[in-house]
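# A structural walkthrough
So the chains spell out like this:
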Amino acid sequence: MSMILSASVVRVRDGLPLSASTDYDQSTGMQECRKYFKMLSKKLSQLPDRCTLKTGQYNINFISSLGVSYMMLCTENYPSVLAFCFLDELQKEFITTYNMMKTNTAVRPYCFIEFDNFIQRTKQRYNNTRSLSTKMNLADMQTEIKLRPPYQISVSELCSANGFTGLAVPEYKGTGKISAAPHQRLEPVTLPGVVSFVLSLLCGALNLIRGFHAIESLLQNEGEDFSYVIAFFLGTAACLYQCYLFVYYTGWRNAKSFLTFGLICLCNMYLYELRNLWQLFFHVTVGAFSTLQIRLRQPQGKSPDYNV
């Protein structure tokens, strides 16, 4: 008998389960599929937005959108078009019901467990095809699946990727190439972090403008010191590099931020004749503030095991 067995809603970023259907089947096959659910949830950010995993007599299908993935387990003979219509219906209801801000900031697993009521009702409808609404446009979904079929994940591929290496996924139509080793994610940006980023850009722009003015002065007066031009442009590069370190994760990130701050201090010490104390204080303070924000915005830790 073809039917949907279970479904869950998972955050793509870290695999946090937001909601799931209540399952009572404790068979060996279902227990094995739960392991695959857990493994997939840790790799969602590296996979296309529509995938299928065939696991013998069961299929796991999922779609991802707006940082949330909707996963379902069904028997192998359940129609693919119905499976993805079911997931699409879950997605529309979840987006309508819950604010994406709450989804992104959720820290407790299954914090939207009440969504299980909708999952169960929808699952019952899709398991009884006679009760499905005639308004469902299965033709559109069937056409979409033909034009952009779900990426087929093999069990061996998933198991071999269940470690520190990424999935070696080939180019997927409509999504580009999936990176095998994406950059490590940093913690969410805070308001002080945004302020430091903007101020660093401002300091970089001020140094750049003063640098061009120094070049003009150098061309007009041959006696001018070219080292001032170098100091201004080094200051610009240091400020922009601080912005880069704040946004992206790199090796020795904290050490690089302190060295960059040191360069900002040296440049401003050299330019003390061309700037007043307030200007020097502003540039050095912004550099120190940006260094602090880089230090505070650390990489996200390993996603906890939520037993999806």
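Residues numbered from 1 in each chain as written. Predicted model: local features only at pLDDT ≥ 70, side-chain atom pairs only at ≥ 80, totals over all residues. Heavy atoms only, no water.

Operational definition: UniProt positions are given in the numbering used here, feature names are shortened, and annotations may be inferred rather than shown by experiment.
As annotated in an unreviewed UniProt entry, the protein carries the name Vesicle-trafficking protein SEC22a and is attributed to Tricholaema leucomelas. In UniProt, the protein has this text filed under Function (unreviewed entry): "May be involved in vesicle transport between the ER and the Golgi complex."

### Focus: the nonpolar core
Basically, it comes down to this: Joining through side-chain atoms within 4.5 Å is the link that ties buried Ala, Val, Leu, Ile, Met, Phe, Trp, Tyr and Cys residues into a set, and such a set is a nonpolar core. Categorising residues by exposure relies on relative accessible area from a 1.4 Å probe, with only protein chains included: less than 20% of the type maximum marks a residue as buried, more than 50% marks it as exposed, and the intermediate range marks it as partly exposed. Numbering of helices and strands starts at the N terminus; helices are DSSP runs of H or I of at least 4 residues and strands are runs of E of at least 2. We call two residues in contact when some of their heavy atoms are within 4.5 Å.
Counting residues in hydrophobic clusters, the biggest one holds 30 residues, and the most contacted among them are Leu18 and Phe94. Secondary structure elements with two or more residues in this core: strand S1 (4-11), strand S5 (68-75), helix H2 (80-97), helix H4 (116-127) and helix H5 (138-147). Sort the elements by how many residues they give to this core and H2 lands first, with 9 residues. When sequence neighbours within four positions are dropped, the list of residues in contact with Leu18 reads Val9, Val10, Arg11, Val68, Phe94, Thr103, Ala106, Tyr110, Cys111, Phe112 and Ile113. Of all hydrophobic cores here, the second largest spans 21 residues; its members include Cys33, Leu53, Tyr58 and Tyr151.

### A few points about the packing of aromatic side chains
Put simply, the test is: Note on ring pairs: Phe, Tyr and Trp rings are taken, using the six-membered ring of Trp, and paired if centres are within 6.5 Å. Classes follow the plane angle, with under 30 degrees stacked, over 60 edge-to-face and the rest tilted. For a ring to carry a charge above it, either NZ of a lysine or CZ of an arginine must fall within 6 Å of the ring centroid while also lying within 35 degrees of the normal to the ring plane.
If you walk through the whole model with that rule in mind, you get 14 aromatic pairs. With centroids separated by 4.8 Å and ring planes inclined at 45 degrees, the aromatic side chains of Phe94 and Tyr98 adopt a geometry described as tilted. On the basis of relative accessible area, Phe94 is assigned to the buried category, the value being 0%. Using a relative accessible area of 12% as the deciding quantity, one classes Tyr98 as buried. Centre to centre, the rings of Trp278 and Phe281 are 6.4 Å apart; their planes meet at 90 degrees, and the pair counts as edge-to-face. With Trp278 and Phe281 both in helix H10 (residues 277-296) and 3 residues apart, this pair spans about one turn of that helix. The burial state of Trp278 is the same as that of Phe281; both residues are exposed. Put simply, the rings of Tyr70, Phe94, Tyr98, Phe112, Phe115 and Phe118 pair up and form one aromatic cluster. Over the ring of Phe84 we find Arg50, and its NZ or CZ is 5.8 Å from the ring centre. In this arrangement the basic side chain of Arg297 is found over the ring face of Phe246, its NZ or CZ atom lying 5.2 Å from the centre.

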